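Tertiary structure, described
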Amino acid sequence: QVQLVESGGGLVQPGGSLRLSCVVSGFTWDDYAIGWVRQAPGKEREGVACISNRDDGTYYTDSTKGRFTTSRDFAQNTVDLQMHSLKPEDTAVYYCAAGPGCHFDYEYWGQGTQVTVSS
């Protein structure tokens, strides 16, 4: 069974950093891309990052590119989202999700982890 479990959320001051981790099980790296999607109160869900299952290429939205980095740890079956220079508008529940590619709808979702950026 495909499962994704996020961790690493918390409270951080503006300009700070957090690393989110997504432990993946139940499928192989070749089958699914892993993306990060966030949901802030009163806002639409926004895809913020993704790592490809084909070539390990990474993709970011304009608002996160240069500040967020996603990567795989094959030994631990983990995908990380390293977030730097965090802004209050980054506050959201962050989900990791799996799909057939970075430009396709995600099929499996984690439970989400809260990231709060506040002074």
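Just so it is clear, the model here is predicted, and its values are computed rather than measured.

Parameters at a glance
- Position numbers for residues start from 1 in each chain and track the written sequence from start to end.
- Reporting of local features is limited, given that this is a predicted model, to residues whose pLDDT is at least 70; pairs of side-chain atoms are given and counted only at 80 or more, and all residues count toward the totals for whole chains, interfaces and linings.
- To get the side-chain values, all heavy atoms of the structure are used, and hydrogens and water are removed first.
- The disulfide criterion used throughout: a pair of cysteine sulfur atoms within 2.5 Å.
- Helical segments are the DSSP runs of H or I of at least four residues, strand segments are the runs of E of at least two, and each set is numbered from the N terminus.
- To sort residues, take the accessible area from a 1.4 Å probe on protein chains only and compare it with the maximum for the residue type: under 20% means buried, over 50% means exposed, and anything in between is partly exposed.
- Residues grouped as a nonpolar core are buried Ala, Val, Leu, Ile, Met, Phe, Trp, Tyr and Cys residues, joined through side-chain atoms within 4.5 Å.
- Note on contacts: a residue pair qualifies if any of its non-hydrogen atoms lie within 4.5 Å across the two residues.
- A carboxyl oxygen of Asp or Glu within 4 Å of a side-chain nitrogen of Lys or Arg is what we treat as a salt bridge.

Here we take up the state of the cysteines. Per the stated rule, a full pass over the model turns up two disulfides. Disulfide pairing is shown between Cys22 and Cys96; the S-S distance is 2.1 Å. The sign of the 70° torsion about the S-S bond sets the Cys22-Cys96 disulfide as right-handed. Taken together, the positions of Cys22 in strand E3 (residues 18-25) and Cys96 in strand E9 (residues 92-99) put the pair 74 residues apart, joining distant regions of the chain. Considered together, Cys22 and Cys96 belong to a single accessibility category, that of buried residues. With its sulfur 2.1 Å from that of its partner, Cys50 forms a disulfide with Cys102. Between Cys50 and Cys102 the disulfide shows an S-S torsion of about -90°. By sign, it is left-handed. Of this pair, Cys50 sits in strand E5 (residues 46-51) while Cys102 sits in the loop between E9 and strand E10 (108-109); the two residues are 52 residues apart in sequence, bridging distant segments of the chain. Counting only the cysteines that take part in disulfides, in the order they occur along the protein, gives the pairing 1-3, 2-4.

On to the nonpolar core. If you look at the biggest cluster of nonpolar residues, it comprises 27 residues, and the most contacted ones within it are Leu4, Ile34, Trp36, Leu81, Met83 and Tyr94. With residues up to four places along the chain from it excluded, the contact list for Met83 reads Gly16, Ser17, Leu18, Leu20, Arg67, Phe68, Tyr94 and Val115. If you look at the next biggest cluster of nonpolar residues, it comprises six residues, including Cys50, Ala97, Cys102 and Tyr106.

Right, let's get into the pattern of salt bridges. Applying the stated criterion across every chain, the model contains three salt bridges. Ionic pairing is found between Glu46 and Arg38, a salt bridge with its closest N-O pair at 2.9 Å. In this structure Glu46 comes out as partly exposed when scored by relative accessible area, which is 28%. The exposure class of Arg38 is buried, given its relative accessible area of 7%. Residues Asp90 and Arg38 are paired through a salt bridge, measuring 2.8 Å at the closest nitrogen-oxygen approach. With Asp90 in the loop between strand E8 (78-83) and E9 and Arg38 in strand E4 (residues 33-39), this residue pair connects regions lying 52 residues apart in the sequence. Pair check on accessibility: Asp90 and Arg38 agree, each one buried. Taken together, the shared-partner salt bridges connect Arg38, Glu46, Arg67 and Asp90 into one network.

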